[in-house]
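# Per-entry structural report
Each chain, written out:
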Amino acid sequence: MSSKTNAVRLVEQAGIPCREAFYAYDEKDLSGMHAAQALGLPPEQVFKTLVARGERLGIHVFCIPVCCELDLKKAARAAGDKNMELVAVRDLLGLTGYIRGGCSPVGMRKKYPTLFDDSGARYAEIAVSAGARGHQMIVPPDALARLVGAEFTDLCK
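Residues numbered from 1 in each chain as written. Predicted model: local features only at pLDDT ≥ 70, side-chain atom pairs only at ≥ 80, totals over all residues. Heavy atoms only, no water.

### Digging into the nonpolar core
Just so we agree on the cut-off: Buried Ala, Val, Leu, Ile, Met, Phe, Trp, Tyr and Cys residues form a nonpolar core when they are joined through side-chain atoms within 4.5 Å. For every residue, the accessible area obtained with a 1.4 Å probe (protein chains only) is divided by the maximum for its type, and the residue is called buried under 20%, exposed over 50%, and partly exposed between those limits. Starting at the N terminus, helices and strands are each numbered in turn, a helix being any DSSP run of H or I of at least four residues and a strand any DSSP run of E of at least two. Should any heavy atoms of two residues lie within 4.5 Å, those residues are considered in contact.
Ranked by size, the top nonpolar core spans 29 residues in total, and within it V11, V51, M137 and L144 carry the most contacts. Taken together, the elements giving at least two residues each to this core come down to α1 (6–13), β2 (47–54), β3 (58–65), α4 (89–96), β6 (126–132), β7 (135–139) and α5 (141–148). The greatest single-element share of this core, amounting to four residues, is contributed by α5. Beyond its immediate stretch of four places on either side in the chain, M137 contacts A7, V8, V11, C18, R19, S104, V106, I126, A127, V128, S129 and A130.

Have a look at this one:
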């Protein structure tokens, strides 16, 4: 469909098996649940990338299933911070290089501490944004976590 995104190139350069999946997205519904449905994948296996700011330690990235909600207390505890709050959508592009609905844990402008919900470790493959709306990459979660320096921990409500 379109050329490879930087996130896909980085995953492939790291030797990680990667399948790309494309779907028609709707500007009015950029939810991960829409992505999972469009791809025909269980929502537990499709992960959204959330960016939050800690009170003391700054920006962190959290990848959780699209059917779940990030527990900010768990996120702060896992990050070793006191409090955590999601960054405003208007700040996302400047911090990560990605827009809402196309934020990937791979290839951000800066390397931020990253955590994956531990449920991802149950699957041979998970889908994450490939860095563009309507574009997912399906990859082994353990290899993806190694690439971005992430750990698996309990992050959801």
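There is more to say, and it comes next.
### A few points about the environment of A36
Structurally, the position occupied by A36 is in helix α2 (residues 32–39). Overall, A36 belongs to the buried group, its relative accessible area being 1%. When the C-alpha positions of A36 and E12 are compared, they lie 23 Å apart, and in sequence the two are 24 residues distant. Leaving out residues up to four positions away in the same chain, A36 has contacts with L41, P43, V46 and V66.

### Things to note about the pairing of β3
Applied cut-off: In this description, strands pair whenever DSSP reports at least two bridges between them.
Most of β3 is tucked away: eight of the eight residues are buried. One ladder, built from eight bridges, connects β2 with β3; its direction is antiparallel. Looking at the pairing, G54 lines up with G58 of β3. If you look at the hairpin formed by β2 and β3, you'll find three residues sitting between the two strands. Sheet topology places β3 next to strand β5 (residues 114–117); three bridges connect them, and they run parallel. The residue bridging F62 from the neighbouring strand is L115, located in β5.

### Some points on the layout of surface pockets
Empty space among the atoms can be located by rolling a probe the size of a water molecule over them. What counts, and what does not: A pocket, in this scheme, is an open set of points on a 1 Å grid over the protein atoms alone with protein on both sides within 12 Å along at least 5 of 7 lines, while a cavity is a set where a 1.4 Å probe fits but cannot get out; residues line either one if an atom lies within 4 Å of a point. Grid points are joined across faces, edges and corners, and a volume is the space filled by probe spheres set on the points. Nonpolar residues are Ala, Val, Leu, Ile, Met, Phe, Trp, Tyr, Cys and Pro. Charged residues are Asp, Glu, Lys and Arg, and all others, Gly as well, are polar.
The space that makes up the largest pocket amounts to roughly 630 Å³. Taken together, 29 residues line the largest pocket, and the ones lying closest to its centre are K48, T49, L50, R100 and G101. Those elements giving two or more residues to the lining of the largest pocket turn out to be α2, β2 and α4. It is β2 that provides the largest number of residues to the lining of the largest pocket, a total of five residues. Class assignment of the residues belonging to the lining of the largest pocket gives a composition of 16 nonpolar, nine polar and four charged. When its volume is computed, the second largest pocket comes out at roughly 180 Å³.

### Things to note about α4
Put simply, the rule reads: The directions considered for the arc are those from the helix axis to the C-beta atoms.
Where α4 is concerned, the buried positions are L92, L95 and T96. Down the axis of α4, the buried set is contained in an arc of 85°. They therefore lie on one face. In this structure, α4 carries R90 and G94 as exposed residues pointing more than 90 degrees from its buried face. Of the residues trailing α4, G97 is marked for its positive phi of about 90°.

### Thoughts on helix α3 (residues 72–79)
Using the following cut-off: Any pair of N or O atoms that falls within 3.5 Å is considered a polar contact. Within protein, one atom must be able to donate a hydrogen and the other to accept it, and sequence-neighbouring residues count only if both atoms are side-chain atoms.
Restricting attention to buried positions, one finds in α3 the residues A75, A76 and A79. The buried side chains of α3 occupy one side of the element, clustering within an arc of 95° when seen end-on. Facing away from the buried surface of α3 by more than 90 degrees, the exposed residues are K73 and R77. Those residues of α3 hidden inside the fold are in contact with β3, β4 (84–86) and β5. The N-terminus of α3 is capped by D71, whose side-chain oxygen sits 3.0 Å from the backbone nitrogen of K73. Immediately beyond the C-terminal end of α3, within one or two residues, lies G80, with a positive phi of roughly 80°.

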